[in-house]
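Structural description and commentary
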Amino acid sequence: MIELKNVDKIYGKGDGAVHALKNVSVTIEDGKFTAILGKSGSGKSTLMNIIGALDSPTNGTVYANGQNLTEMSPNALAEYRNKTTGFVFQSFYLEPTFSVLDNVAMPLIIAGMPRKEREEKAIKVLTQLGLEDKINKKANELSGGQKQRVSIARALVHNPDIVLADEPTGNLDSQNGAEVMALLRDICNMGKSVVLVTHNMEDAKNADNIIFIEDGVAEMKSGNAVNSEANG
Amino acid sequence: MKLRDVFKIALHNLWYNKSRTILTVIIVMVVSTLIMTLCLFGINFMQNQIDVNKDIFNEQGTRYYAYSRNIDNQQSPYTEEEMQHVFSTADEYAHIIDSFEARLESYYYNDPNTNDYVSTSFSVAFGTDADKVYTSSNYNTSMNMWSTRFIRTQMCDYGKENLILQGSIWSATDAGQNKVWLAEDYIKTLVTQGVTLNVGDNVTFMASTWGNKMDSETRVAHDYVLAGIFDAKVLRGEEQYGDTITMLVDLDSFVRDFSDQVSYSEIQMTYAPPQTEYNYNAVYDDMKAFEEKLNAGVAPNRYDSTERDCFTCSYVEDMQMTVLMSAIILAVIVLLSVLILLLSVGSVANTIIISVDKNRKFIGLMKAMGLNQNGVKKIVTCESIMQIAIGVLIAVGALFAIRPLIATILASMFESMFSYFAVEIALSVTVPFYLPIATILLFFLFATLFSRGSLGKIAKQDVISTISEVS
Ligand SMILES: Nc1ncnc2c1ncn2[C@@H]1O[C@H](COP(=O)(O)OP(=O)(O)OP(=O)(O)O)[C@@H](O)[C@H]1O
Ligand SMILES: [Mg+2]
């Protein structure tokens, strides 16, 4: 479980300062699908980065399973990310000249896992995602949908507790987008927490929890409540 | 992260930033070629100079010599005790001595009792006749101390096979046996004066000592046997300057017979190494030790309270001078190299940092996936080492190409430096294996020192600022 308590994020200083998050207190429940929903510039990515320990808040605290992330050293945070989190980005961030296999194995390479072991794991995940015939291709030889599936494989290969996806469908056509959404749902069904950043109501609909964010102010609701509200 | 993977990723980064990598490698290559050429020149100058010196030694051997000693402006002959020390030390080091000569001084003798100046002159008479006539006015029969060598040697061959024309040269059993050897040329001039000498004939030395105002004359005479006739040219070497040696006299006998008339003024020993393989280092160490031990038992020259050892081994002296000179040249070159390195390393460090910066995104991504600051540093360090190593290795190739040029320059330098010696200079220019390694290490050391700040910044950089999707 990840808990944000009274989190502020301010970019820059003085006149140019941007108050991207304002006194945000939200909880990411284990094994739940959480969507972060809001307009462009509302602070979605900022919030997700703080949840995923990519960034630290200006004020407030972040607890991950009782550990205070805001008090951890950079190296401890790196270790935390390497073990606990998996990221999926809108623009994939695959290393174009690495093979699919190496791209997927990257978190394990960083962890220092022996080659044989990590390649076995990567192949397993790629096979699960139907990419077994792309293993030795270079990342830049793939289509957008394939790329995003590879990056999802990379987010899963080290068996993290939580997968965070920032607009994963933003660069995909609707069919590929739907496939990726289904995959994320499956991942959640496997027991992992999933955090999805989106500005698309439709994508957020099936979430267990939805964090609405507007101008840095966040409000968290359960998905059921939202749906019944919409229906009622 | 495994070292292998660090290497793989670093290589990947370099490969996909080819233009940056090539630029860095070229800068490293140019600078290290410059530095290594300088060092190569210095090292090979030193090595070749030492080699040439060794060649000269093999060809010409060495001399151990002590000139007439001067203590506080006073001519000070070597004492009997000092000579005993010299003799026993020479016996100990007989294996590195071919010949032993002493020069005796007789002209002025300061009588310590009367404070009178007493002068002694020697004359020589030949034949077995009982009525010998000593004539110091006759040039040919006066004994010229400067053209006479008093010999004492263990090796006896003087290193020259064809020295002796008749009879045999000094051997250990001749010590104290009143023997004399004459130069063939000298014997020939005697013939023109009606004296014919053969080996076994008698030669008589007489010392006439004159009192202060020529008021008295004391005569001491001793008989010697002509033990051999030698070729003076062979003894001195045909092209050498200096005195022509007309007489060799057994030192022990003469000093015993004329102990009141002569004193030791100069000592000279020679040694030529064997023409076969021999242990150079052992011989060199022995020569040095010999010189030191000789000096330990002989009071030094003194002038204005500065002291200078009496004995010098010419080869050891040359070699020490050579090594010192080479070391100075080498030091200057190394200093120059470090200067060049310092001036250039800033730009090298910069291009390295820039090329790393081009990989910010990839590094940021890896950080998002848990790469820590050390991991970033490892990758960047690996990248810079590889660029430096490649640059230096190419430079080594260039160095091999430059070698003939360095050889030509060195050859002309040595030719002018050593033209005096008739030694064939076999020049070699080698690239020592430690040169590129040292260059790589130095480069890397300086590059890391220079780029530490920027490297730390890259390592610390927020993951977000490099990769995030924040708008
Ligand atoms: N590094 C930064 N420096 C300064 N301001 C920033 C920085 N990152 C984000 N911001 C500002 O913070 C606010 C929130 O940005 P954020 O990227 O979190 O929004 P978002 O909801 O993800 O938008 P989008 O839907 O366009 O991705 C915006 O006003 C943005 O301009
Ligand atoms: Mg965003």
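In what follows, the structure referred to is the one given above.
Notes on the structure follow. The structure presented is a predicted model; accordingly, all values stated were derived computationally and were not measured.

Okay, the pairing of strand β1 (residues 2-11) of chain A next. Residue and element names in this part refer to chain A. Inspection of the sheet shows β1 paired to strand β4 (residues 59-64) by five bridges, in the antiparallel sense. Bridging from a neighbouring strand, L4 pairs with V62 of β4. Relative to strand β2 (residues 18-28), β1 is paired through seven bridges, and the arrangement is antiparallel. The residue of β2 that forms the bridge with I2 is I28. Linking β1 back to β2 in an antiparallel pair, the connection comprises six residues, with G12 at a positive phi of about 75 degrees.

We now examine the sheet that holds strand β7 (residues 162-166) of chain A. Residue and element names in this part refer to chain A. The strand order β6-β7-β8-β3-β9-β10 describes an open sheet built from six strands, whose pairing is mixed. Sheet topology places β6 (85-88) and β10 (217-222) at the edges, where each strand pairs with a single neighbour. Pairs of neighbouring strands in the sheet enclose a mean axial angle of 15 degrees, with direction left out of account. Docked against the sheet, helix α2 (residues 74-84) engages β6 and β7, running at close to 75 degrees with respect to β6.

This paragraph deals with the packing of helix α3 (residues 100-111) of chain A against helix α4 (residues 115-128) of chain A. Residues and elements named next belong to chain A. Interaxial distance between α3 and α4 falls to 9 Å at its minimum, and their mutual angle equals 120 degrees. Here α3 lies oblique to α4, going by the angle between them. Considering the relative orientation of α3 and α4, their crossing is right-handed. Packed against α3, whose contacting residues are V100, L101, D102, V104, A105, L108 and I109, the element α4 presents R118, E119, K121, A122, I123 and L126 at the interface. Residues belonging to the contact of α3 with α4 are distributed by class as follows: nine nonpolar, no polar and four charged.

Around ligand 1, the surrounding shell holds 14 residues, and the nearest of these are S40, G41, K44, S45 and T46 of chain A. In this structure, ligand 1 is bordered by residues of chains A and B. A distance of 2.8 Å separates an oxygen atom of ligand 1 from a polar atom in the backbone of G41 of chain A. The contact in question runs from an oxygen atom of ligand 1 to an N or O atom on the backbone of S42 of chain A, over 3.3 Å. Elements supplying a minimum of two residues to the shell around ligand 1: β2 and α1 (44-51) of chain A. Ranked by residue count, the leading element in the shell around ligand 1 is α1 of chain A, at three residues. Looking at the shell around ligand 1 residue by residue, the class counts come to four nonpolar, seven polar and three charged.

The rules behind each value
Residues numbered from 1 in each chain as written. Chains lettered and ligands numbered in written order. Predicted model: local features only at pLDDT ≥ 70, side-chain atom pairs only at ≥ 80, totals over all residues. Heavy atoms only, no water. Pairing = 2+ DSSP bridges. Helix = DSSP H or I, 4+ residues; strand = E, 2+ residues; numbered from the N terminus. Axes fitted to C-alpha atoms, helices over the stretch in contact; angles between N-to-C directions. Contact = heavy atoms within 4.5 Å. Parallel < 35°, antiparallel > 145°, perpendicular 65-115°, else oblique. Left-handed = near helix turned anticlockwise from the far one by under 90°. Nonpolar A, V, L, I, M, F, W, Y, C, P; charged D, E, K, R; others polar. Near = heavy atom within 4 Å. Polar contact = N/O pair within 3.5 Å; in protein donor to acceptor, adjacent residues only side chain to side chain.

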